[in-house]
Every structure is written in structure tokens, then in C-alpha cells.
Amino acid sequence: MDPLSLDPLSDEPAPPARPPGAAGVAPGDPPTDAPVPERALALLRSVFGHDGFRGHQQAVIEQVAGGGDALVLMPTGGGKSLCYQLPALLRPGVAVVVSPLIALMADQVAALRQLGIEAAALNSSLSFADQVAVEKRIRAGTLDLVYVAPERLVAGGLLDRLDGAPIALFAIDEAHCVSQWGHDFRPDYRQLADLGTRFPGVPRIALTATADEPTRRDIVERLDLGRGQVFVSGFDRPNIRYRVLPRGEGRAQLLRFLGERIGPDGAAAESGIVYCGTRARVEETADWLVSKGYAALPYHAGLDPEVRADNQRRFLAEDGLIMVATIAFGMGIDKPDVRFVAHLDPPKSLEAYYQETGRAGRDGLPAEAWMLYGLADVARLSQLLETSALPEAQKTVERRRLDQLLGYCETTRCRRQVLLAHFGDSLDRPCGNCDTCLTPPETWDGTDAARMLLSCVYRTGQRFGAGHVIDVLLGNETEKVRRAGHDRVSTFGIGTALDKNGWRTVIRQMLAFGYLVPDSEGHGTLRLTEACRPLLRGETRLALRRDPSVKAGGSAGRSRGAGRSGGGSGGAAATELSDPAAQARFAALKAWRKRIAADQGVPPYVVFHDSTLAAIAEAAPASRQALAAMPGLGATKLERYGADVLALLEDVAA
Ligand code: ADP
Ligand code: ZN
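First, a word on what this report is: a plain description of the structure on this page.

Calculation criteria
Residues numbered from 1 in each chain as written. Chains lettered and ligands numbered in written order. Predicted model: local features only at pLDDT ≥ 70, side-chain atom pairs only at ≥ 80, totals over all residues. Heavy atoms only, no water. Donors = N, O, S within 2.8 Å, 3.2 Å for Na, K, Ca; no water. Buried < 20%, exposed > 50% of the residue type's maximum accessible area, 1.4 Å probe, protein only. Phe/Tyr/Trp six-rings, centres within 6.5 Å; stacked < 30°, edge-to-face > 60°. Helix = DSSP H or I, 4+ residues; strand = E, 2+ residues; numbered from the N terminus. Lys NZ or Arg CZ within 6 Å of the ring centre and 35° of its normal. Salt bridge = Lys/Arg side-chain N within 4 Å of Asp/Glu carboxyl O. Near = heavy atom within 4 Å. Polar contact = N/O pair within 3.5 Å; in protein donor to acceptor, adjacent residues only side chain to side chain. Areas by Shrake-Rupley, 256 points an atom, 1.4 Å probe, with all protein chains shown as cover. Contact = heavy atoms within 4.5 Å. 1 Å grid on protein atoms, 1.4 Å probe; cavity = no way out; pocket = protein on both sides within 12 Å on 5 of 7 lines; lining within 4 Å. Points joined across faces, edges and corners; volume = space filled by probe spheres on them. Nonpolar A, V, L, I, M, F, W, Y, C, P; charged D, E, K, R; others polar. Pairing = 2+ DSSP bridges. Axes fitted to C-alpha atoms, helices over the stretch in contact; angles between N-to-C directions. Parallel < 35°, antiparallel > 145°, perpendicular 65-115°, else oblique. Right-handed = clockwise from strand over helix to strand, strands pointing away.

## Here's the deal with the coordination of the zinc ion (ligand 2)
Coordination of the zinc ion (ligand 2) by the protein comes from Cys414 (SG), Cys431 (SG), Cys434 (SG) and Cys437 (SG), over a distance range of 2.3 to 2.4 Å. Each donor residue of the zinc ion (ligand 2) belongs to the same chain, and together they define the spacing C-x16-C-x2-C-x2-C. Overall, Cys431 belongs to the partly exposed group, its relative accessible area being 24%.

Written out as C-alpha cells, the structure is:
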């Protein structure tokens, strides 16, 4: 049998037993009785090839390796996996990783094996014999990590069979699935609650990238993590450049965007996702992109399951494909080198937007989130909402979500500041890497409008929603206005300089600025905040974004050209190498990686990330030692590929 076989499901004979917890220990590593921080850093370097820890990684690893529980909140791409993979190597026994993303387990296992770590998966795609073999290896203590689907763990008595097996820790990935407040509730996760009592002394670590405060509290309670520690990392994804463009001729805009990034003929192959609102638009757009010479594939829930699975597999495995998809695509896609996410139609909420755009640039290299938005989209989304069968209370919540999204689209502020504020995080200064920072939008002096609005909200008792307040401002004598006596307040009819849509964008921007807040009970009523005072006292002025629909022409054209003129560095920056020789090395390394990956039947990034290849191409190391210093090159990969890479670099230089 091929000792390098990467098929995670293959029933290869168990390797000879090793001392527990000694996985991946290279000859130069500290002994297993050295202090945890020292051993952790040594393994980080020798096994994973990284120089140092990021964010809370070290603290989490020390907590869990020391036997404590943890809840870890880190944005996508923040480096959650290391938080359980390193403790798995530091503690004796096998780490059981619970994950709902069965489709990804094979890749995760393959990636770990590339690092010389003994890993396997247990899920419904395995034959009975394979399952038995994996369970045997768990009990024999010859595995470092095993990925298990939640339904596998709780059903079929697996937990009973794990009794008495050497277990290093339980890691519960995508932990928001345990909470009904989260957006992806999975009932099987509820059964993980008693892991703590069944396996006392075995540390548990829960990880997620999306959990607001109520969801967090729920996770701690449901998974009984009360005695553990919570680690919350900032949610910023600084390498993603955010751009929102007023919709013109949508397709031409997309083509221009792709042309900027990839070149008109798809020359600089880059992976990206284009989200569309409907299945029909997915298919049309994919066909159309293909007709324009781009390598594009469709993905939506209505496709034949085999075609769909095959398109997903190709997107993960091949370089430079564009996936045109509905939101059915993307859950758990952790392809690190997605260079752009383009929304041809707007997402449903800021949460959805952040999750969908978060699929770009997980490798930390420059990436772009690009979105089109127009008044027609707003009308379509609100109509969908109003005519839906949702209960009224739910509709109110959804209306607010839509307003938040629109507020983001229409903001004149740094987009990243608006996003982070929405997620309870903050950024002191404008980011310098979003369209509003790079090319400030056209604005108008909205001070008077804002004061009229605030005063109208105040005089009508802060008990009404946007529609009613606008009626009062416009002097509409509706039944509701008359009944409330609001045709007699001083702000009745003072706002006719704007129309209804004009007032709506003012209100959304005021919400986004935090001058107004919706009530916490979700009735959609507007209230003033402390932040209004300077504005009402006339101490500050307020610049509002000019809505392209309010003033036809002009501003739309201006912002469209923006991205390119703004330095133009947002584009193919992943491969922004200093000189042509480095670019040639990068291209050769990518071609070599593609061959290796195809031979082994794994996605290219499992062999090496783009960031590692780029660093090698830039530095052109000439010795094994110099190569070992490259990021992302641990002992096992150096052993496996070092000679090849050095030979290749010599060839390119010749
Ligand atoms: P998450 O699961 O949080 O989305 P991953 O665990 O997949 O993120 O890590 C994202 C990327 O960051 C991976 O390419 C990983 O190799 C890299 N990474 C993680 N930790 C470090 C580190 N300490 N130094 C360098 N790169 C790291
Ligand atoms: Zn910014």
C-alpha cells in the first residue's frame, strides 16, 4: 500500500503504536515533559511551519492543553483549527472534532496528513468496515484527530464505545449550531450537552465565527461551558476590500470588475464567487460569463445533485474557476484562495453579507467583496418581504434587517467601521481599504433634513415607524395621522422638498450613523439617541450620500470608475510579486502544485497555500535550510516536497 495514500477513507493498516501525544514531534523538539508554551511553539514551527501564534491562539491552546474548557469566537480565516489541532498533539489520546460539514472532512483530513498528523473521519459516507477500522484506531491510540459528524457521535452508541478510550479533547466546531438563536440550528448538537458529565476531565472547546451576544450565552449554557473561558477575537477582515456600487447596467459592471481583476480573457486565473438572487439568474449569468471567455460554473439547489456536487468539487479542486451561485452555495466552503465575492444581487441582511463575503481571502491575502445595489433591488426585497407568509412580528424584524443592509449600502462612512459596529466590534480610524475610504462618495448637506426628521420623530412621541413619520413630514392626511392628531404638530408637511424615497434614504443613513435607533422590541418604531444632541443644537453638520436615484446620472458614473483609480492595488494582489523573475517562479510553482495535487487527488491548497508559494517565489531560497524558514512549511512538507521545490527553483533560474 502506498504509504502516502491520502484517501482519508482508505482502510490502511494502523501504523505502529507511538507514544501517546507524540505525534509530529521532530527530533529537535523539546521533550514531552517540557512546559506547554514551549512545546506548543515548537510544534507550531515544526509541524505547521508557522512562525508565531495569531490573536488568542496561544491563550486558547494553553487553556485547552491544560485541561480547561473554552468558547472561541474568531472570524473566518482567523485560525480556529489550530486552537484544537495543537492541543490534540500536546495531549495524549485522540481529539474528537465534532463538525456538521461532512463534505469538508475529507479535505481537512487530507490537509492534516500532509502535515504528518494521523487523522481520520467518521461519517455517514463511510462503509461499515471503514468505520470499524477507524474506531479500532481510536481505541488503540494511534490517531491524533478524528472528525465526527454530530449524528454519528450521538447515535449508534459511539459515545459508549468511546468510554475508556484515550480521549485528548472534544472540539465542537460551528458551535452556533447548538443555539436556536443562531442561524443554523442543528438538533443533534443539543445532545452534546452531557459530554462534560460523561467524560469528566476531558477538555471541551467550542468554536464559531458567527455568534452575537445572546447566541454566545446560549452556547455556554447548552454546552455546559460555564467553568471555561471565553475568547472573543475582533471580527475585522482587514485583507478584504469592500466595494458597493450603484447598479447601472449590471452585467457590464460585472464584466468590468472581472476585467480589472482577471483580465478580459480570464488570463490571471482567480477563484471567485458571484452570488445571484434566483436560480434563473444563476444559469443565465454563468452561461453568459462562459460566452465571454470566463471559466464559470453554476450552482443552485435546483440543479441535478450530481452536477451540483461535481461543480462544487471542481471549484474546490481547480484553480481559477468562478462559481455563479445562489446562497445555497458556500456553507462551510473553506477554500482559502477565493479572491473575490461579487454580489450581483444584494444579500438578505448584513449578517448574510458578512458571512458570504467572508468566504473571500481566508488565506489573509488581498481579496475583494464587490456588490451592486439599486433602488429596484430595495423595492423587490421589500415586496418579497411584505407578500411573504411570515408572521407580522417576524416581518418587522426582517424589515429592520433590510434597513440595516441598506444603511450600509448608502453610508458615507468607512464601510468597515459600519460593519464592525454592527457586530459590536469597533475600529478607531477609517480603514483605508474600502470604496468610501478610497474615493469618498458624492454627498449633500443633509443637516436640515436630518433636523426636520429628528424633530418630527420627537414630536410624534418616538412611538412610530418610518412610514408614519414620513407621512407626517410630507403632510399626508392619512387616517392614522388624523387619529393621532399629528396633522397638528409643527413638523406636519415641512418635508416636501424630498419625496418618500428621499426620506427613506435619510432615515436609513440616520440609523446607520446611530442618530436614530429602532426600538428593542422590534416594532420598527424610531427613537432618538444621545448622539443627536450636537446636531439638534446646530453644532455639527451632516453629510449624506447622494442617492443615485434621487439625482439621476452623475454620481453613478463617478463611483463606477472608483475602484480602479483608487490605486488599483485591490486586484490581482495575491500574485503581486516584486519582479518578473519572481512571477515566473510563482507560475512554475503553481503548475508544479497542480500536478502534485492531481496525482494525490487533493485540492491544490492542501499541498501548499498560495501565500506559501508566493513567499517562496519572492525569496527564491537556494538551500533546504532557507526553504524551511518559509511560512507554511513544516517538517513533513519539507521532507516530502523540499527537494522537488529546490530543483524546480533551480530550473526556473537556469
Ligand atoms: P478558520 O477555521 O478560523 O476559518 P483556519 O483555521 O482555516 O481558519 O486558518 C485560516 C488560515 O490561517 C489557514 O490558512 C491557516 O494555515 C492560517 N493560520 C492559522 N494560524 C496561523 C498562524 N499562527 N500563523 C500563520 N498562519 C496561520
Ligand atoms: Zn474604509
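## Digging into the packing of aromatic side chains
How two aromatic rings sit relative to each other is set out by the distance from centre to centre and by the angle between their planes. Evaluated as defined, the whole model comprises ten aromatic pairs. Ring geometry for Tyr242 versus Tyr353: centroids 6.3 Å apart, planes at 45°, classification tilted. Of this pair, Tyr242 sits in strand β8 (residues 240–246) while Tyr353 is found in helix α13 (residues 350–357), placing the two residues 111 residues apart along the sequence. Grouping residues by exposure puts Tyr242 and Tyr353 together as buried. With centroids separated by 5.7 Å and ring planes inclined at 65°, the aromatic side chains of Phe608 and Tyr641 adopt a geometry described as edge-to-face. Of this pair, Phe608 sits in the loop between α26 (604–607) and α27 (610–619) while Tyr641 sits in helix α29 (residues 635–653), placing them 33 residues apart in sequence. The same class applies to Phe608 as to Tyr641, namely buried. Over the face of the ring belonging to Phe315 we find Lys335, whose NZ or CZ atom lies 5.5 Å from the ring centre. The lysine or arginine in question, Arg415, covers the ring of Tyr408, its NZ or CZ lying 5.5 Å from the ring centre.

## Describing the pattern of salt bridges
Counted under the stated rule, the structure contains 28 salt bridges. For the salt bridge of Glu368 with Arg261, the shortest nitrogen-to-oxygen distance reads 2.8 Å. Here Glu368 is found in strand β13 (residues 367–373), whereas its partner Arg261 is found in helix α10 (residues 250–262), with 107 residues between them in sequence. Judged by its relative accessible area of 2%, Glu368 is buried. One salt bridge connects Arg339 with Asp363, and the closest N-O pair in it is separated by 2.9 Å. Pair noted here: Arg339 is in strand β12 (residues 338–343) and Asp363 is in the loop between α13 and β13, with a separation of 24 residues, a long-range link. In this structure, Arg339 and Asp363 share a single accessibility class: buried.

## Brief notes about the site of ligand 1
The local shell around ligand 1 holds 15 residues, among which Gly77, Lys80, Ser81, Arg362 and His609 are the closest. Between ligand 1 and Arg54 there is a distance of 3.1 Å, counted from an oxygen atom to a side-chain nitrogen or oxygen. Contacts to ligand 1 include Arg362, whose side-chain N or O atom sits 2.3 Å from an oxygen atom. Protein coverage of the free-state accessible area of ligand 1, which is 560 Å², stands at 80%. If you tally residues by element for the shell around ligand 1, the top one is helix α3 (residues 80–90), at three residues.

## Some points on the side chain of Arg216
Among the structural elements, Arg216 can be located in helix α9 (residues 213–222). When near neighbours in sequence (up to four residues on either side) are disregarded, Arg216 contacts Leu71, Leu73, Ala211 and Val232.

## Side note on helix α19 (residues 466–474)
By the criterion of burial, α19 is predominantly enclosed, with eight of the nine residues buried. Every buried residue of α19 is accounted for by Ala466, His468, Val469, Ile470, Asp471, Val472, Leu473 and Leu474. Looking at the buried positions of α19, the neighbouring elements they touch are α18 (447–459), α20 (479–483), α21 (500–513) and β16 (526–528). Just past α19, the residue Gly475 takes up positive phi, approximately 75°.

## Notes on the environment of Phe315
If you trace the backbone, Phe315 turns up in helix α12 (residues 305–317). Through-space distance from the C-alpha of Phe315 to that of Lys335 is 8.8 Å; in sequence the pair is 20 residues apart. In this structure Phe315 touches Ser271, Gly272, Ile273, Leu321, Met323, Phe329, Lys335 and Val338, once residues within four positions along its chain are discounted.

## So, the layout of surface pockets
Taken as a whole, the second largest pocket encloses approximately 680 Å³ of empty space. By residue class, the composition of the lining of the second largest pocket is twelve nonpolar, ten polar and nine charged.

## A closer look at the sheet that holds strand β10 (residues 296–299)
A sheet is described by the order of its strands in space; here six strands give the open sequence β8-β13-β12-β9-β11-β10, paired in parallel fashion. The open sheet terminates on both sides in strands that have one partner only, identified here as β8 and β10. Sheet twist, expressed as the average angle between the axes of neighbouring strands with direction ignored, equals 15°. Examined bridge by bridge, β12 and β13 share four bridges and lie parallel to one another. Within β13, the position partnered with Ala342 by the bridge is Trp370.

## Digging into the sheet that holds strand β2 (residues 94–98)
Reading across from one edge, β3-β4-β2-β5-β6-β1-β7 is the order of the seven strands in this open sheet, with parallel pairing throughout. At either end of the open sheet lies a strand with only one pairing partner, and these are β3 (119–122) and β7 (229–232). Geometrically, the sheet is characterised by an average inter-axis angle of 20° between neighbouring strands, direction not taken into account. One ladder, built from four bridges, connects strand β1 (residues 70–73) with strand β6 (residues 204–208); its direction is parallel.

## Regarding the packing of α18 against α21
Two elements in contact, α18 and α21, have axes separated by 11 Å at closest approach and are oriented at 80°. Comparing their axes, α21 and α18 come out roughly perpendicular. Contacts between α18 and α21 involve Ala449, Ala450, Met452, Leu453 and Leu454 on the former and, on the latter, Trp503, Val506, Ile507 and Met510. Residues that form the contact of α18 with α21 fall into these classes: nine nonpolar, no polar and no charged.

## Some points on the pairing of strand β11 (residues 322–325)
Here β11 shows a buried face lined by Ile322 and Val324 and a second buried face lined by Met323 and Ala325. For strand β9 (residues 271–275) and β11, the ladder comprises four bridges, and the chain directions are parallel. Bridge pairing in β11 links Val274 to Val324. Bridging between β10 and β11 involves four bridges; their strand directions are parallel. Bridge pairing in β11 links Tyr299 to Ala325. Where the polypeptide runs from β10 across α12 and back to β11, its parallel neighbour, the crossover connection is right-handed.

In short, shape yes, function no, at least from these values alone.
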